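A structural walkthrough
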Amino acid sequence: MVSHRVLCWDCGAVIEDPFVSVCPKCKGLLTVKMDLEKVKEKSPEDLRKTPIGVWRYSDFMPVDASKKVSIQEGGTPLYDTKALAEIVGVKGMHVKFEGLNPTGSFKDRGMTIGVTRAKELGAEIVGCASTGNTSASLAAYAAKAGMKCAVFLPSGKVAAGKLAQALFYGAKVLSIDGNFDDALALARKMSEQKKLYLLNSINPYRPEGQKSVLFEIMDQLNYNIPDRIVLPVGNAANIWAVYKALTELEEVGWIDRMPMLTGIQAEGSAPVARAFDEEKKDFIPVENPETIATAIRIGNPVSGRKALAAIYNTGGYSETVSDEEIIAAQKLTARKEGVFVEPASAASVAGIIKLRNMGIIDRDETVVAICTGNGLKDPETAVKYSNPPIKCANSVEAVNKILSD
Ligand SMILES: *Cc1c(COP(=O)(O)O)cnc(C)c1O
């Protein structure tokens, strides 16, 4: 195992108790400090002997790879989306399609590491609060590991595909009267009483696995560093994970500059984007977050301060998009590139379009959009915003007439 320590991101204290999710001294956020001395002797080429995916980068992961709980996460395509680049008006654009992970979202990258860690600790029950994808992913990895799993979902606001997954993988699915932030508060109480090992992204091991999306993007671009990486921001761990991966690649000397990290939020759920707009390092929670993009419908992002640091330290940006812009971008990505992403994921494409129109993104830029989840997760939204099937008589003439319209 690569040696590492868990530290408080705020006060620097070394954290010994593996069951705490905030610093016992200052209530600060936790982070993992990897010892990368041995990796400095290696090159990206050395890692390419193993298949692309999270575990190719086990040198950067704080768990024992020989005991991994894995269902082949990561290794998702990086599409060269020329049609989108042309429409948006940028020099180059790629889409990293995280919807092709085993449970259909990037959450699997964090869960393979998080559940491996839970196993190392001998945990019997794992749990999380979730807007949907975290629970789907945790339920799958808990099943693979033979652990009991409890997921806390906000009642009524979870996309159908995600709920189906959590139920079918055999988790105890608890529908909590309240929103995501309420569900998380309850899950944290259970964890503080050591009733379960909490695998929300406040857990410092999950972002460690999520770093792999950045390692893969760099691998797939042969270390030609893009100017900008754009991703949706909900609880804000993923943008932090991408930033942490960049700092580690810089530390081992594999990159010498960083892309501008750009976080997109939904208009009705945008504490991080508002803080950025006001040049603040901390955010004010949004009381009743609302957006069609349920995966980023989060008013009090756990890693919001880390996200702001990631954005400021890379000269990045943060912006909001409306639900209409999200749906339009979701359709565009499907219809021009054949890539069906879920609404939250389309926020990154919508953000690129908006920022290009605002002149924040330059015509000369190369951009990567991380599309975090699969469109099949949320069939109801897709059907609602599409024309219904066309009624057609059972005859060749009737079909011909429709096709000629
Ligand atoms: C979890 C999730 C997000 C938000 O990621 P954070 O790390 O919470 O910012 C975005 N899109 C999808 C599809 C997700 O599942």
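Data block above holds the structure.
The notes below deal with the structure included here.

**Some words on the pairing of strand E7 (residues 172-176)**
Taken together, the five bridges between strand E6 (residues 148-154) and E7 define a ladder with parallel strand orientation. In the strand pairing of E7, Pro 154 is matched with Ile 176. Viewed along the sheet, the connection from E6 through helix H5 (residues 160-168) into E7 turns out right-handed.

**Comments concerning helix H6 (residues 180-192)**
With 13 residues, H6 extends 18 Å from end C-alpha to end C-alpha; this agrees with the ideal 18 Å at 1.5 Å per step. Those residues of H6 that sit buried are Phe 180, Asp 181, Ala 183, Leu 184, Ala 187 and Ser 191. Looking straight down H6, one finds that the buried residues subtend no more than 155 degrees of arc, so they occupy a single side. Tucked inside the fold, the buried residues of H6 contact strand E5 (125-129), E6, E7 and strand E8 (197-198). With a side-chain oxygen positioned 3.0 Å from the backbone nitrogen of Asp 181, the residue opening H6 is Asn 179. Just downstream of H6, Lys 194 is the residue with a positive phi angle, here 55 degrees.

**Brief notes about the pattern of salt bridges**
Applying the stated criterion across every chain, the model contains 24 salt bridges. With a closest N to O distance of 2.8 Å, Arg 228 and Glu 365 form a salt bridge. Placement of Arg 228 in strand E9 (residues 228-232) and of Glu 365 in the loop between helix H13 (343-358) and strand E12 (366-371) is noted, with a sequence separation of 137 residues between them. Each member of the pair Arg 228 and Glu 365 is classed as buried. One salt bridge connects Glu 278 with Lys 280, and the closest N-O pair in it is separated by 3.2 Å. Judged by its relative accessible area of 41%, Lys 280 falls in the partly exposed class. Because the salt bridges share partners, they merge into one network encompassing Glu 45, Arg 48, Arg 56 and Asp 219.

**Concerning the site of the ligand**
Among the 17 residues in the neighbourhood of the ligand, the closest are listed as Lys 107, Asn 133, Asn 235, Ala 236 and Thr 372. Within the backbone of Gly 234, an N or O atom sits 2.8 Å from an oxygen atom of the ligand. When the ligand is considered free in solution it has 380 Å² of accessible area, and contact with the protein chains removes 97% of it. Among the elements of the structure, helix H9 (237-251) and H13 are those that each provide at least two residues to the shell around the ligand. Split into classes, the residues belonging to the shell around the ligand amount to eight nonpolar, seven polar and two charged.

**Overview of the environment of Leu 30**
If you trace the backbone, Leu 30 turns up in strand E2 (residues 30-34). In this structure, the C-alpha to C-alpha distance between Leu 30 and Gly 74, residues 44 residues apart in sequence, is 24 Å. Excluding its chain neighbours within four sequence positions, the residues that come into contact with Leu 30 are Val 6, Leu 7, Cys 8, Trp 9, Ile 15, Val 20, Ser 21, Val 22, Cys 23, Pro 204 and Lys 306.

The rules behind each value
- Residues numbered from 1 in each chain as written.
- Predicted model: local features only at pLDDT ≥ 70, side-chain atom pairs only at ≥ 80, totals over all residues.
- Heavy atoms only, no water.
- Pairing = 2+ DSSP bridges.
- Helix = DSSP H or I, 4+ residues; strand = E, 2+ residues; numbered from the N terminus.
- Right-handed = clockwise from strand over helix to strand, strands pointing away.
- Expected span 1.5 Å × (residues − 1).
- Buried < 20%, exposed > 50% of the residue type's maximum accessible area, 1.4 Å probe, protein only.
- Arc of directions from axis to C-beta.
- Contact = heavy atoms within 4.5 Å.
- Polar contact = N/O pair within 3.5 Å; in protein donor to acceptor, adjacent residues only side chain to side chain.
- Salt bridge = Lys/Arg side-chain N within 4 Å of Asp/Glu carboxyl O.
- Near = heavy atom within 4 Å.
- Areas by Shrake-Rupley, 256 points an atom, 1.4 Å probe, with all protein chains shown as cover.
- Nonpolar A, V, L, I, M, F, W, Y, C, P; charged D, E, K, R; others polar.

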